[in-house]
Amino acid sequence: MVLLLVGLVIGCAVGSAYARARRGWNDYQTVKRSVPGARRGAWLLIRGVAVKAGVIALLLFGAVAYAAVGSDDETAGPAPSPSATQTEPAHR
């Protein structure tokens, strides 16, 4: 009877350890199969962000270059003419 109980306890311990190992192996295989898809998705997201950052950088560079060069359209209008200076008559 004692040997039966000892065998039952050992069998339950080994069986539960085997079940845990099998579940871990199945989880590992599932994740291993999903990694290439996740990696591809991550690179697609990184590429999208890089393209958007590049477009924004080009727009900013163009705006700075345009501001530095200035436009040919003068909106200030004609320059004011110099005013006549009044001279004092000579005292004698």
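Residues numbered from 1 in each chain as written. Predicted model: local features only at pLDDT ≥ 70, side-chain atom pairs only at ≥ 80, totals over all residues. Heavy atoms only, no water.

Together, Met-1, Leu-4, Leu-5 and Leu-8 line one region of the surface with nonpolar side chains, adding up to about 490 Å² of accessible area. Mapped onto the secondary structure, Leu-4 falls in helix H1 (residues 2-69). Accessibility expressed as a relative area gives 61% for Leu-4, which makes it exposed. (Patch = residues over 30% accessible without salt bridge, like charges linked within 9 Å, V, L, I, M, F, W, Y side chains within 5 Å. Areas by Shrake-Rupley, 256 points an atom, 1.4 Å probe, with all protein chains shown as cover. Salt bridge = Lys/Arg side-chain N within 4 Å of Asp/Glu carboxyl O. Helix = DSSP H or I, 4+ residues; strand = E, 2+ residues; numbered from the N terminus. Buried < 20%, exposed > 50% of the residue type's maximum accessible area, 1.4 Å probe, protein only.)

Here we come to H1. Along its 68 residues, H1 runs 97 Å from first to last C-alpha, staying within 8% of the 100 Å computed at 1.5 Å per residue. At Val-35, H1 shows its largest bend, some 35°, and a proline, Pro-36, comes one to four positions later. The first or second residue beyond H1 is Gly-70, which carries a positive phi of 85°. (Expected span 1.5 Å × (residues − 1). Bend = angle between axes of the 7 residues up to and from the residue.)

Looking now at the packing of aromatic side chains. Counted according to the given criterion, the structure contains one aromatic pair. Look at Trp-25 and Tyr-28: their rings are 5.5 Å apart centre to centre, the planes differ by 40°, and that puts the pair in the tilted class. Of this pair, Trp-25 and Tyr-28 are both found in helix H1, three residues apart, which corresponds to roughly one turn of the helix. With relative accessibility at 45%, the residue Trp-25 sits in the partly exposed group. A residue is classified by how much of its surface remains accessible, and Tyr-28, at 44% relative accessible area, is partly exposed. (Phe/Tyr/Trp six-rings, centres within 6.5 Å; stacked < 30°, edge-to-face > 60°.)

Geometric descriptors of this kind do not, in isolation, establish any biological role.
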